[in-house]
Amino acid sequence: AQTVTQSQPEMSVQEAETVTLSCTYDTSESDYYLFWYKQPPSRQMILVIRQEAYKQQNATENRFSVNFQKAAKSFSLKISDSQLGDAAMYFCAYRSPWFSQGGSEKLVFGKGTKLTVNP
Amino acid sequence: EPEVTQTPSHQVTQMGQEVILRCVPISNHLYFYWYRQILGQKVEFLVSFYNNEISEKSEIFDDQFSVERPDGSNFTLKIRSTKLEDSAMYFCASSEAREGIQYFGAGTRLSVL
């Protein structure tokens, strides 16, 4: 079974600075999807960024980018020019493609990293 | 922007009682999910639902749980006889396609006393 590990329960960053959140995962599959979701307090989780494992190029969405290291099974999230609105719980998640032998629709989550942004 | 909405935001119930958690997925979405997060633990998958059938369920989703899409807009999770260990945040999600992005609601906090 796949597992996702986020080793940083909490992180803090100064406004306008850059922060990197870590995520590692364990799988025997070669194709899969990886996600970062953001959950502000008392709000729904929203997708920040998605990466397909077959793509070597790291995904980028504005100030958010990932460092995807497939061999190392590592998927870190970098937030540049941090803003107060970035303060949230960040979840890393894994999903198998449904057509694979171990195919599944479910997301497998890490425990989350609480990010604080200091003004 | 369309959102997944969940009601109530907080539900308190007595052990042994039945509860129904309600979700309104995004209107053109066809795939529906329930997840839960026990305090301090990971978000865990419970069940996925498509075309009025369960398409996948986890070991957690035993006979005490059921899901239903009673009409064209709601998606519900029923727990027949709640236990203390059912206390958790329950998240509903929906997606347009099987491989699509899952959009989450803000969750219902269930407290079983």
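Residues numbered from 1 in each chain as written. Chains lettered and ligands numbered in written order. Predicted model: local features only at pLDDT ≥ 70, side-chain atom pairs only at ≥ 80, totals over all residues. Heavy atoms only, no water.

### Here we look at the overall build of chain B
Here comes step 1: Across its full length, chain B carries zero helices and eleven strands.
Here comes step 2: Helices and strands appear in chain B in the N-to-C order β-β-β-β-β-β-β-β-β-β-β.
Here comes step 3: For 113 residues, the compact-globule estimate of 2.2 N^0.38 gives 13 Å, and chain B sits close to it at 13 Å.
Here comes step 4: For chain B, the spread of C-alpha atoms along the principal axes amounts to about 35 × 30 × 30 Å.
Here comes step 5: Considering chain B as a whole, with its 113 residues, one finds that 48% of them fall into the buried category.
Here comes step 6: When contacts within chain B are restricted to residue pairs at least 6 apart in sequence, long-range pairs at least 24 apart make up 54% of them.
Here comes step 7: With the model as given, the accessible surface of chain B reaches about 5,600 Å², and the carbon-plus-sulfur share is 46%. (Helix = DSSP H or I, 4+ residues; strand = E, 2+ residues; numbered from the N terminus. Rg over C-alpha atoms; globule rule 2.2 N^0.38 Å. Buried < 20%, exposed > 50% of the residue type's maximum accessible area, 1.4 Å probe, protein only. Contact = heavy atoms within 4.5 Å. Areas by Shrake-Rupley, 256 points an atom, 1.4 Å probe, with all protein chains shown as cover.)

### So, the state of the cysteines
What makes a disulfide is a covalent bond joining the sulfur atoms belonging to two cysteines.
Residue and element names in this part refer to chain A.
Here comes step 1: All chains considered together, the criterion is met by two disulfides over all chains.
Here comes step 2: The disulfide partner of Cys23 is Cys92, and the S-S distance across this bridge is 2.0 Å. The S-S bond linking Cys23 to Cys92 shows a torsion near -70 degrees; that makes this disulfide left-handed. Taken together, the residues span a long stretch of sequence, with Cys23 in the loop between β3 (19-21) and β4 (24-26) and Cys92 in strand β10 (residues 88-95) at a distance of 69 residues. (Disulfide = S-S within 2.5 Å.)

### Structural notes on the sheet that holds strand β1 (residues 5-7) of chain B
All names here are of chain B.
Here comes step 1: Reading across from one edge, β1-β3-β8-β7 is the order of the four strands in this open sheet, with antiparallel pairing throughout. Pairing within the sheet leaves two strands with one partner each, and these edge strands are β1 and β7 (65-68). Across the sheet, the mean angle separating the axes of adjacent strands is 20 degrees when strand polarity is ignored.
Here comes step 2: Of the pairings in the sheet, the one linking strand β3 (residues 19-24) to strand β8 (residues 75-79) comprises five bridges and is antiparallel in character. Within β8, the residue paired with Cys23 across the bridge is Phe75. (Pairing = 2+ DSSP bridges. Axes fitted to C-alpha atoms, helices over the stretch in contact; angles between N-to-C directions.)

### Thoughts on the interface of chain A and chain B
Here comes step 1: Between chain A and chain B, the residue contacts involve 23 residues of the former and 23 residues of the latter.
Here comes step 2: For the pair chain A and chain B, the summed buried area comes to about 2,000 Å², and 50% of that belongs to carbon and sulfur atoms.
Here comes step 3: Applying the counting rule to chain A against chain B returns two salt bridges.
Here comes step 4: Inspection of the chain A/chain B interface yields 13 residue pairs in polar contact (both at pLDDT 80 or more).
Here comes step 5: Among the elements that line the side of chain A that touches chain B, the one with the most residues is strand β5 (residues 33-39) of chain A, at three residues.
Here comes step 6: A breakdown of the residues in the side of chain A that touches chain B according to their chemical character gives eleven nonpolar, six polar and six charged. (Buried area = accessible area lost by both parts, 1.4 Å probe. Salt bridge = Lys/Arg side-chain N within 4 Å of Asp/Glu carboxyl O. Polar contact = N/O pair within 3.5 Å; in protein donor to acceptor, adjacent residues only side chain to side chain. Nonpolar A, V, L, I, M, F, W, Y, C, P; charged D, E, K, R; others polar.)

### Observations regarding the nonpolar core
Here comes step 1: Ranked by internal contacts, the top residues of the largest apolar core, which has 26 residues, are Tyr25(A), Trp36(A), Phe75(A), Leu77(A) and Tyr90(A).
Here comes step 2: Elements that contribute at least two residues to this core include exactly β3, β5, β6 (46-52), β8 (64-69), β9 (74-79), β10 and β12 (113-118) of chain A.
Here comes step 3: Among all residues touching Tyr90(A), those that are not within four sequence positions of it are Gln6(A), Leu21(A), Trp36(A), Tyr37(A), Lys38(A), Val48(A), Phe64(A), Leu77(A), Ile79(A), Gly112(A), Thr113(A) and Leu115(A).
Here comes step 4: Among the nonpolar cores identified, the runner-up in size contains 22 residues, and Val19(B), Leu21(B), Phe32(B) and Leu110(B) belong to it. (Core = buried A, V, L, I, M, F, W, Y, C linked by side-chain atoms within 4.5 Å.)

### Digging into the environment of Tyr103(B)
Here comes step 1: Here Tyr103(B) lies in strand β10 (residues 103-104).
Here comes step 2: With 50 residues separating them along the chain, Tyr103(B) and Glu53(B) place their C-alpha atoms 20 Å apart.

### Details of the packing of aromatic side chains
Here comes step 1: Scanning the entire structure with this criterion turns up 19 aromatic pairs over all chains.
Here comes step 2: With 6.1 Å between their ring centres and 40 degrees between their planes, Tyr25(A) and Tyr94(A) make a pair best called tilted. With Tyr25(A) in strand β4 and Tyr94(A) in strand β10, this residue pair connects regions lying 69 residues apart in the sequence.
Here comes step 3: Ring centres of Phe32(B) and Phe75(B) lie 5.4 Å apart, and the angle between their planes is 40 degrees; on these two criteria the pair is classed as tilted. In this pair, Phe32(B) is assigned in strand β4 (residues 31-37) and Phe75(B) in strand β8, connecting sequence segments 43 residues apart. We note that Phe32(B), like Phe75(B), is buried.
Here comes step 4: An aromatic cluster of at least three residues, connected via ring pairs, comprises Tyr33(A), Phe35(A), Tyr37(A), Phe91(A), Phe109(A), Tyr35(B), Phe45(B) and Phe104(B). (Phe/Tyr/Trp six-rings, centres within 6.5 Å; stacked < 30°, edge-to-face > 60°.)

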